[in-house]
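# Coordinate analysis (summary)
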Amino acid sequence: MSSRPRLEVHKFGGTSVGDAARIADVAAILDEAAGSARIVAIASAMSGVTDALVEAAARAAAGLGEEALGAVDDLRRRHLDTLRALGTGDDVEVAAEIERLVREAGDLLRAVLHLGELTGRSRDRLLAAGEKLSVRLLAAALRARGRAAAAVDADGFLQTDGRFGEADPVVAAGDPAVLGALGPLLERDAVPVVTGYCGRAPDGATVTLGRGGSDLSATVLGAALAADEVTIWTDVDGVYSADPRIVPDARVLEHLHFREAAEMSYYGAKVLHPRSMIPVADPGIPVRIRNAFRPSAPGTRVDARFSPGSLPVKAVTAVRRQALVSVEGKGMSGVPGVAARLFGALAQHGISVTMISQSSSESTICLAVAAEDAASAETALKRAFMTDLSRGAVEEIAVRRAVGLVAAVGLGMAHTPGIAARLFGALGRRRINVVAIAQGSSELNVSLAIAEGDVDAAVRAIHDEFGLHRIDTGEDSSTGLDLVLLGFGKIGRALVRLVGERERHVVERFGLEPRIVAIADRSAFLFRPAGLTPSVIRDAAAAKESGRGLGTLPGAVALERPADLVRHVLQYRLRRPVLIDVTDAGGTVEAFLEAFGRRCDVVTANKKPLAGDHAVFRALLDRAAESGRILKAEATVGAGLPVIDTLEMLLATGDRPTSAEGCLSGTLGFVTSRLEDGAPLSEAVAEAIAAGYTEPDPVADLSGADVARKAIILGRFTGLAGAGADVRLEGLVDPALAGLDRDALLARLRDEYDRPIAERVRSAAEDGGRLRYVARVAAGTIEVGPRVVPVDSPLATLRGTDNMIVFSSERYRDRPLVVRGPGAGVEVTAMGVLGDVLRIAAERR
């Protein structure tokens, strides 16, 4: 038994058939679709034609015959010119049809001129001419491609209730009239090209279907024919998560439920009209919204499936030009029928309510109406409640104008705690006041009434809060703290271990679940939006420990620049993303800026971005502030010590640092301790390398470059050393030794530095002091280098990898503030980075 042939309905709007080129493109789309399915095409009038007919009708009713008939002549010329431009080969027959339809339209306008009245019957028959002209052109274009096609007028078979201007079809599945009109064409694989927007009244008159009429034509015919799919071709790529004119990075939604699409349409989104979905919702016929100007785009599929997505809100939409009408009074509480009287009064005046909110005490009912209906609504309600107002049962009927309604839509909101809190939080942070709120028991839509001037900002705030500009990950992770790790050397691997060990603590303390979603080295990165699995992380660690790059692992993505990682990862809808830089690379500034621009916080142990050009440092801080992001850099100065944290507290409480001095290198602290013990420099450095205390290139420590970067960062954060600071640097060794391998470096140290450094240590001891590598930051100056400090100095007491920083300030002038502790080592640095991550968690929870 052969299966039933696939049947599709394709509807094209006015912009899609706006001229000869567009009609030819539509014919190509239909021709391709007809290669794999039977096709029914629905077409609107060419763009601007319906408006021209409306205007012509109005002029005729006003007695302006010349202008009215001139508009029809213009339409005649336009359609004949389009036919000629199409070059279909059957111009004579189609031209005769165009002449007939235009002549009929002219006759209708003359009748209106003669009677001086435009009836609903005449208006609808006149407006239907636009679609009738359009389908004849499209059918001709299809035939020119060798595809059998015929224009079909819906007012000959599509039965409606007969209401002029807003008729509703009364067509069921398997409707005999529909099957009779279209079935024979489909049976011989011809494409019926049917007029949208119009139908047939019970008495045979032509009627129009009102707003969204052509879409309704498509879904009604799709249901009647039991189509496999209905496609609505328009001039946008699909249904967006918000109006892209308000939110430039709004995304096209891949999928919507019928109910979600209906809610979005009701609240102003450019999507199917709610009543257009009624015919297809019950039989479950999917509807796809696609762009006729970009047919390669997949569009948005609307059907009966529920797809929760990674977050409960699917989209944000809004309507403007609203007014809030409040009926208030203690005498309303517990009195049956108040709402019925209210809505009855509005219904009598044809006023539609767009939102309603009622207090639990029943003493206030607040509802939204279109701004143009506000005065009528106020008058109607004051008349309806006149007696109640006079005796004080109703105290006030007030109108607030210039209101907009913003709606968050998504079936995934049902039974998801905290949605309202996040909505109000997002608006509160932008100082947007909510006037009224409404939510149905289905939790499909949360509607907020706000000042009309705040609508755009509110839509952007909610869109951003729920990450709707990012790719859906298919998982709800509202408590996630998603970590993106740039660098997977020793520190990176230690940090990953710490995150795993402290996960339970973070969950209990902050209510957040930290997870590593991406790791990267210089060559490649691994990424999984739901978090990298333990096995993937183990394999990555094993690869790095064996000297292999991440690029050798399955699923790795090649990486040219760190910013590419940020762009790729932050396309996805992560929760509280944090970029962590534990590299020593010099090219991560762009990655930081990219992260801030994409609403991602940054933690860095890499000193180079903050210690380079002062303008770059300033740009990073400014971009973070502008984006509302956090930049943490504790590990750049004190490894695991709370140096920056202490400084930030001083500044936040109004203190002003006057200087900062200390030993900022655990590596050099270890080396100088071993020198005091009598070890030569080369031996002390070899031990530091073996212990993992040094930078990847030990010369960065020995030349003082690493300490100088720390001092510059400290000077910039204190405000003591800005763009013009005088930096004086003396290293233990020549920076030209950089780049040597371990053995070559140690050999040079033995030959050239062991003896002179040992002499400096002995000389310091003879003078009653100790040799320490010291950084000092004061107003406008930074001094870094080896210095002899008194034996009784706090710096002289340092041993091993301990660091110390001494802050002098207006508050700590007589007794400086001292921060002391371990300052070198993989674990210590990883702890410092984790500390910054936890500080961000505390602020973001």
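The structure under discussion appears in the preceding block.
Residues numbered from 1 in each chain as written. Predicted model: local features only at pLDDT ≥ 70, side-chain atom pairs only at ≥ 80, totals over all residues. Heavy atoms only, no water.

## Regarding the overall build of the chain
We apply this condition: The way it works is that DSSP assigns letters per residue, a run of H or I at least four long becomes a helix, a run of E at least two long becomes a strand, and they are numbered from the N terminus. Working definition: with a 1.4 Å probe on protein chains only, accessible area under 20% of the residue-type maximum means buried, over 50% means exposed, and in between means partly exposed. Here, residues are in contact when the closest pair of their heavy atoms is within 4.5 Å. Values of accessible area rely on a 1.4 Å probe in the Shrake-Rupley scheme; residue burial ignores everything except the protein chains shown. As used throughout, the charge tally considers Lys and Arg to be positive and Asp and Glu to be negative, leaving His and the chain termini uncounted. Charged groups are reduced to one reference atom each: NZ for lysine, CZ for arginine, CG for aspartic acid, CD for glutamic acid.
Summing up its helical and strand segments, the chain has 28 helices and 29 strands in all. If one aligns the C-alpha atoms of the chain with their principal axes, the spans along those axes are about 120 × 75 × 55 Å. When burial is assessed residue by residue, the chain has 54% of its 845 residues classed as buried. Long-range contacts, defined as pairs at least 24 residues apart, comprise 74% of the intrachain contacts of the chain with a sequence gap of at least 6. Of the roughly 35100 Å² that the chain leaves accessible, carbon and sulfur atoms contribute 50%. The positive charge centre, built from 100 side chains, and the negative charge centre, built from 110, are 2 Å apart in the chain.

## Digging into the packing of helix H2 (residues 49-61) against helix H4 (residues 91-115)
Just so we agree on the cut-off: Each axis is a line fitted through C-alpha atoms, taken for helices only over the stretch in contact, and angles between the N-to-C directions span 0 to 180 degrees. Should an angle lie under 35 degrees it is considered roughly parallel, over 145 roughly antiparallel, and from 65 to 115 roughly perpendicular; all remaining angles are considered oblique. Asp, Glu, Lys and Arg are counted as charged, while Ala, Val, Leu, Ile, Met, Phe, Trp, Tyr, Cys and Pro are counted as nonpolar; the rest, among them Gly, fall into the polar class.
Two numbers describe how H2 lies on H4: the axes approach to 8 Å, and their chain directions differ by 30°. Classified by the interaxial angle, the pair formed by H2 and H4 is roughly parallel. Residue-level inspection shows Ala56, Ala57, Ala60 and Ala61 of H2 in contact with H4, the latter providing Leu109, Val112 and Leu113. When grouped by side-chain class, the residues that make up the contact of H2 with H4 number 7 nonpolar, no polar and no charged.

## Some words on the pattern of salt bridges
For clarity, the threshold we go by: Put simply, a salt bridge is a Lys or Arg side-chain nitrogen that is within 4 Å of an Asp or Glu carboxyl oxygen.
Counted according to the given criterion, the structure contains 75 salt bridges. Among the salt bridges present, the one from arginine 656 reaches glutamate 810, with a minimum N-O distance of 3.7 Å. Linking arginine 656 in the loop between helix H21 (643-652) and strand S24 (657-663) with glutamate 810 in the loop between strand S28 (802-809) and strand S29 (817-822), this pair joins segments that are 154 residues apart in sequence. Of the residues examined, arginine 656 reaches a relative accessible area of 56% and is grouped as exposed. On the basis of relative accessible area, glutamate 810 is assigned to the partly exposed category, the value being 41%. Its salt-bridge partner being arginine 776, residue glutamate 661 comes within 3.9 Å of it at the nearest N-O pair. Separated by 115 residues along the polypeptide, glutamate 661 in strand S24 and arginine 776 in strand S26 (residues 769-778) bring together distant segments of the chain. Its relative accessible area of 31% is what places arginine 776 among the partly exposed residues. By sharing partners, the salt bridges in this structure join Arg674, Glu676, Asp677, Glu683, Glu687, Arg770, Arg772 and Arg799 into a single network.

## As for the packing of helix H1 (residues 20-33) against helix H3 (residues 65-86)
The condition is simple: Left-handed describes a crossing whose near helix is turned anticlockwise from the far helix through less than a right angle; right-handed describes the clockwise counterpart.
Between H1 and H3, the least distance of the axes is 9 Å, while the angle of their chain directions is 55°. By the angle between their directions, the pair H1 and H3 is classed as oblique. Helix-helix and strand crossings are classified by hand; for H1 and H3 the assignment is right-handed. The segment H1 lies against H3, with Ala20, Ile23 and Ala24 engaging Thr82, Ala85 and Leu86. The class makeup of the residues in the contact of H1 with H3 is 5 nonpolar, 1 polar and no charged.

## Examining the sheet that holds strand S12 (residues 353-358)
To keep things clear, this is the line we draw: Strand pairing follows a simple DSSP-based rule, namely that at least 2 bridges must link the two strands.
Strand order in this open sheet of 6 strands is S12-S13-S11-S14-S16-S15, and the pairing throughout is antiparallel. The open sheet terminates on both sides in strands that have one partner only, identified here as S12 and strand S15 (434-439). In this sheet, adjacent strand axes meet at a mean angle of 30° when their direction is disregarded. Here 7 bridges tie strand S11 (residues 315-328) to strand S13 (residues 364-370), and the two strands are oriented antiparallel to one another. The partner of serine 326 across the bridge, within S13, is cysteine 366.

## What to know about H4
Using the following cut-off: Expected span of a helix: the number of residues minus one, times 1.5 Å.
With 25 residues, H4 extends 36 Å between its outermost C-alpha atoms, agreeing within 8% with the 36 Å of an ideal straight helix rising 1.5 Å per residue. Every buried residue of H4 is listed here: Val94, Ala95, Ile98, Leu101, Val102, Ala105, Gly106, Leu108, Leu109 and Val112. Its buried side turned inward, H4 meets H2, H3 and helix H5 (120-144). Directly beyond the C-terminal end of H4, a positive phi value near 70° is found at glycine 116.

## Describing the nonpolar core
Where we set the bar: Among the buried residues, those of types Ala, Val, Leu, Ile, Met, Phe, Trp, Tyr and Cys that are joined through side-chain atoms within 4.5 Å form a nonpolar core.
Counting 76 residues, the largest nonpolar core has Leu565, Leu579, Leu681, Val733, Leu749 and Phe807 as its most contacted members. With 7 residues, helix H25 (residues 705-718) is the largest single contributor of residues to this core. Apart from the residues within four sequence positions on either side, leucine 749 is in contact with Leu681, Ser682, Val685, Leu702, Val733, Leu737 and Asp754. Grouped together as the second largest cluster of nonpolar side chains are 54 residues, Ala33, Ala37, Met46 and Val193 included.

## Some remarks on the side chain of serine 682
Tracing the sequence through the fold places serine 682 in helix H23 (residues 681-691). Sequence-distant contacts of serine 682, that is, excluding residues within four places in its chain, are made with Leu746, Leu749, Arg750 and Asp754.

## Structural notes on the sheet that holds strand S21 (residues 578-581)
Spatially, 7 strands are ordered S20-S19-S18-S17-S21-S22-S23 in an open sheet, and the strand pairing comes out mixed. With partners counted over all chains shown, the strands left at the sheet margins are strand S20 (557-558) and strand S23 (631-632), one partner each. Summarising the sheet, strand S22 (residues 601-604) and S23 pair through 2 bridges and their orientation is parallel. Bridge pairing links valine 603 to lysine 632 in S23.

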